[in-house]
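What follows is the residue order along each chain.
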Amino acid sequence: MTDTQDKSTESTIYQLWEKQGLFKTDPDSTKPSYSLLMPPPNLTGELHLGHAMQHAIMDAIARFKRMQGFDVLLLPGVDHAGIQFEGTFNKLLAKEDLSKQKLGREEWLKRAEVFREENYQSFHKTWTVFGLSADWSKEVYTLEPKVQKAVFAEFETFWEQDLLYKGAYIVQWCPKCGTAIEDLEMEYQERKEKLYFVKYRVIAKDVDRHASARDDDDDQEYITVATARPETIYADTGIAIYPKHPKFSKLVGKTAINPLTGNLIPIFEDPRVDKEFGTGALKITPGHDLLDYEIGKEHSLPILHVIDKKGRMTNLAPLLEGLKIDEAREKTVQLLETKTAIAESKEFAHSVPVCERCKTTVEPLISEEWFIKMEPLAKKALKHIGQIKFYPGNYNKILSDWLENIHDWCISRSLWWGIRIPVWYCQKCNPNHLVGKDKDMVVSKEEPGKTCQSCSEKHWVQDEQIFDAWFSSGMWPLATLGWPENTPELQRYYPWDFELTSPEIKFLWIARMIMLSLWFEDKIPFKNMFFHGMLRDLQGRKFSKSLGNGINPGELRDQWGTDSTRMALYSYSVPGRDAKASRQTMDERCKNFRNFGTKLKNIYRFTMELKPEVLGMPTSAPQSDVIARSQLAEKQSHADDKLILNQLNNVVLGVTKNLEDFNLHLALDEIYEFIWHQLADVYIEKSKARRAQAQPCLEQVLEICLKLLHPFMPFTTEELWQKIPHTEKSIMLAKWPIAR
RNA sequence: GGACUUGUAGCUCAGUUGGUUAGAGCGUUUCAUUCACAUUGAAAAGGUCAGAGGUUCAAGUCCUCUUAAGUCCACCA
């Protein structure tokens with residue numbers, strides 16, 4: 001059979017399943033429910049090998065549970081992926097010489113929607129092509145009204161519970177993305193940079209600055225600080241030394257002169273200054289450093305800004321205004337040198353935070369943002385996290401440790417692609433968009449119909465910012481089921497039985513889902529949480545576009561077929577284990593399972609197409625349940641039959657157990673070994689001598705094998721199922737075999 | 001600095017609660033072939049299970065230490 005025929009067979013089979021509604025839930029039945037929540041892929045780029053593995057695992061479990069007699073909900077969805085989508089899309093726009101600014105919010109959103117739709121179509125195709133048996137009628141998208149409604153309820157509840165606050169705080173800012181980001185969205189790059197030792201002149205606190213400004217005085221005192229960022233000196237508002245500094249402690253209470261601005265800045269002690277680093281004195285720049293911000297706050301230092309949100313110098317540095325940071329740094333050093341303020345400089349290595357998405361250096365700066373107080377949520381999560389079964393188990397500890405150490409969550413982003421913050425301000429009475437319970441603002445999804453309480457007029461403007469995408473995807477377990485309404489789906493399918501994801505987003509997503517779900521619905525979001533390993537290249541690096549080391553799952557499928565590709569992926573699906581893969585190792589495994597598929601087809605051919613003519617086609621229904629099988633075993637007295645049925649019985653036991661425990665790789669090993677080496681190599685070979693007698697047993701074993709394999713190889717097993725005597729229209733409707 | 005994970009055949013990886021001669025796939029070598037299947041079959045070579053110590057009748061598996069690699073968290077003036 002040629003590849004094209006294979007593919008058209010697969011697509012015919014997929015359509016057959018869909019047409020018969022086999023992916024749909026059966027909520028009115030008396031069956032127990034089993035729910036699986038697909039991690040929604042980001043709507044950027046194409047699906048990669050990791051996605052293919054996730055989908056393959058989810059689908060196998062869904063199919064297994066259906067055959068076991070559960071009413072299965074496998075709910076698919078996609079994520080709008082705020083910052084990532086916006087970055088990707090803006091890059092595309094730049095190629096057409098367009099930008100957000102040029103287009104304006106409305107037109108930009110229109111075009112973004114078109115781009116979204118294109119990505120979505122490509123996603124959907126890949127999904128169906130891999131045989132995913134999801135209930136497409138229940139598909140959810142994180143920007144659709146259903147989710148928006150849940151997110152609004154989420155925000156409103158937090159507001160009412162006094163867990164929300166908005167204000168100017170120091171945040172990690174990505175100048176390129178133009179938004180605040182979280183610690184979790186940053187990574188670090190090792191860089192060799194220069195560490196400058198800068199001298200600040202010290203004067204007595206009460207001495208008139210003018211009087212002390214004579215620089216020809218030899219008795220001048222200096223305090224030297226080490227900095228890698230001399231350009232921020234403009235915004236220095238203090239100098240801190242560690243307590244009881246042998247050299248500098250006598251300067252405490254005195255005043256230093258900022259060498260660039262001439263501002264007078266206090267010198268004081270603070271225990272957070274590292275004794276070992278530099279001179280033991282730290283320049284304090286509350287506007288551009290997290291620690292400095294904290295120290296500055298305690299010592300009531302003013303906050304100055306010398307770097308703006310575009311990563312350029314402000315007019316606080318008049319000579320450098322508008323310059324980028326690297327240029328400004330160079331110029332600042334020159335300026336300081338002319339003032340002989342640099343005592344020395346040396347190379348040193350440190351890691352610099354960059355934006356995980358665009359690799360731009362992150363600038364800590366002050367910005368108006370929204371935050372949630374997370375402590376009560378984390379505490380509640382910690383109380384109940386033990387009810388979730390993690391695969392592998394140590395993720396309970398990893399997540400708990402993080403929850404123990406929770407920080408407030410900055411949920412606002414200065415982007416356009418996402419759910420806009422549902423807060424309206426009276427333009428007239430509240431032009432600065434301040435937030436307070438009784439101020440001139442309203443929490444509302446739509447433009448408020450009522451008038452402002454202060455001015456009795458209607459001049460509402462909505463908050464410009466949107467929510468962090470994790471603020472909505474954190475609600476995924478609830479929003480997908482129609483929360484905040486108490487829907488029948490919510491009652492039936494929540495908590496989810498199974499969830500899986502990559503360990504990369506354990507805090508960003510999984511921890512958030514646990515906290516939010518417990519907070520709003522008082523129940524854990526999922527009973528089983530499966531973390532698959534990361535697929536990496538042979539050098540152990542992540543797959544990435546920039547490295548060009550990615551493996552396209554579609555190409556594997558085109559070459560080896562869907563079932564073979566799925567099987568290859570299962571062999572890498574051990575929970576929590578990273579694995580190294582290349583196109584070659586994937587090809588090797590795919591080839592192996594393609595051969596296995598061929599073996600299976602040949603077993604079918606031998607059994608059904610080349611059966612001895614003396615045997616008529618069986619008229620009775622296939623016997624696959626436990627009673628029929630044991631009857632058969634008794635009736636057939638031949639030792640070979642007994643042996644193979646016993647072996648098969650053990651395989652049924654093992655495969656079932658391993659699937660229950662989500663050990664897909666072990667389940668596969670077992671069934672592979674049985675079919676190839678026990679059934680084909682031994683039993684079938686021996687049966688040739690007594691073919692007619694062995695026929696019923698052969699048919700029986702084949703049928704059970706198809707069922708056992710169906711979760712893993714849905715297409716091949718369906719194709720063969722249709723060719724053997726069967727009562728159920730599809731193997732998807734067949735009952736999972738039960739061991740004696 | 002803190003936590004976690006890994007080190008098993010040439011390569012990529014399995015090995016559930018400790019139980020005979022340590023497994024798979026690919027690769028390598030030899031032989032077979034009118035057979036359901038060359039997308040095959042039979043066989044072979046290849047491992048001090050990172051190292052050391054301990055517990056045990058018994059350790060790849062449990063404990064301690066050493067070592068190497070990786071991941072995550074915190075910090076990086």
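Residues numbered from 1 in each chain as written. Chains lettered and ligands numbered in written order. Predicted model: local features only at pLDDT ≥ 70, side-chain atom pairs only at ≥ 80, totals over all residues. Heavy atoms only, no water.

By nearness alone, 47 residues border RNA strand B, and Ala 226, Asp 274, Lys 580, Thr 598 and Trp 676 come closest of all. Backbone sugar and phosphate groups make up 71% of those atoms of RNA strand B lying within 4 Å of the protein. Here a sugar or linking oxygen of RNA strand B sits 2.8 Å away from a polar atom, N or O, in the side chain of Tyr 572. At 2.3 Å, a side-chain N or O of Trp 676 approaches a phosphate oxygen of RNA strand B. Here the surface near RNA strand B gets 12 residues from one element, more than from any other, and that element is helix α17 (residues 583-609). In terms of residue class, the surface near RNA strand B is built from 21 nonpolar, nine polar and 17 charged. (Near = heavy atom within 4 Å. Polar contact = N/O pair within 3.5 Å; in protein donor to acceptor, adjacent residues only side chain to side chain. Helix = DSSP H or I, 4+ residues; strand = E, 2+ residues; numbered from the N terminus. Nonpolar A, V, L, I, M, F, W, Y, C, P; charged D, E, K, R; others polar.)

Glancing now at helix α8 (residues 325-338). Its 14 residues give α8 an end-to-end C-alpha distance of 20 Å, which sits within 8% of 20 Å, the value for a rise of 1.5 Å per residue. Among the residues making up α8, those that are buried are Ile 325, Ala 328, Arg 329, Thr 332, Val 333 and Leu 336. Mapping the buried residues of α8 onto a view down its axis gives an arc of 140 degrees, with all of them on the same face. Those residues of α8 that are exposed and angled more than 90 degrees off the buried face are Glu 330 and Thr 338. Of the surrounding secondary structure, the elements contacted by the buried residues of α8 are β7 (186-203), β13 (342-355) and β14 (363-372). (Expected span 1.5 Å × (residues − 1). Buried < 20%, exposed > 50% of the residue type's maximum accessible area, 1.4 Å probe, protein only. Arc of directions from axis to C-beta. Contact = heavy atoms within 4.5 Å.)

Counted as a void, the second largest pocket has a volume near 1500 Å³. Taken together, 48 residues line the second largest pocket, and the ones lying closest to its centre are Ala 228, Arg 229, Asp 289, His 350 and Pro 353. Breaking the lining of the second largest pocket down by element, the ones donating at least two residues are β7, β8 (221-227), β12 (281-284), α7 (290-298), α8, β13 and β14. With six residues, β7 is the single largest residue contributor to the lining of the second largest pocket. Looking at side-chain class alone, the lining of the second largest pocket contains 19 nonpolar, 12 polar and 17 charged residues. (1 Å grid on protein atoms, 1.4 Å probe; cavity = no way out; pocket = protein on both sides within 12 Å on 5 of 7 lines; lining within 4 Å. Points joined across faces, edges and corners; volume = space filled by probe spheres on them.)

Next up on the list: unusual backbone geometry. That bond from Trp 483 to Pro 484 is cis: its omega, 10 degrees, falls within 30 degrees of zero. The linkage connecting Tyr 494 with the following residue, Pro 495, adopts the cis geometry, with an omega of -5 degrees. When you line up the elements, Pro 495 lands in the loop between α13 (488-493) and β22 (496-501). Of note in this structure, Ala 81 is not a glycine but carries a positive phi near 55 degrees.

Another point: empty space enclosed by the protein. Applying the stated criterion to the full structure yields two cavities of 30 Å³ or more. Its boundaries defined by the atoms lining it, the largest cavity holds a volume of some 140 Å³. The wall of the largest cavity is formed by 16 residues, among which Ala 81, Gly 82, Ile 83, Ala 469 and Trp 470 lie closest to the centre. Elements with a minimum of two residues in the lining of the largest cavity: α3 (82-95), β21 (466-467) and α11 (469-473). A class-by-class count of the residues in the lining of the largest cavity yields seven nonpolar, four polar and five charged. Estimates place the volume of the second largest cavity at around 40 Å³. Leu 47, His 48, His 51, Ala 52, His 55, Thr 126, Trp 127, Phe 130 and Pro 553 are the residues that line the second largest cavity. For the lining of the second largest cavity, the secondary-structure elements that each account for two or more residues are α2 (49-67) and α4 (100-129).

Below, the discussion takes up the nonpolar core. Within the largest apolar cluster, 171 residues are counted, with the highest numbers of intra-cluster contacts made by Phe 155, Phe 498, Ile 514 and Phe 712. For this core, the leading source of residues is helix α20 (residues 664-687), giving 12 residues. Setting aside anything within four residues of it in sequence, one finds Phe 155 in contact with Leu 164, Trp 370, Ile 411, Ile 421, Pro 422, Val 423, Val 443, Phe 467 and Phe 471. Counting residues in each nonpolar core, the second largest holds 29 residues, with Tyr 196, Ile 267, Ala 317 and Ala 328 among its members. (Core = buried A, V, L, I, M, F, W, Y, C linked by side-chain atoms within 4.5 Å.)

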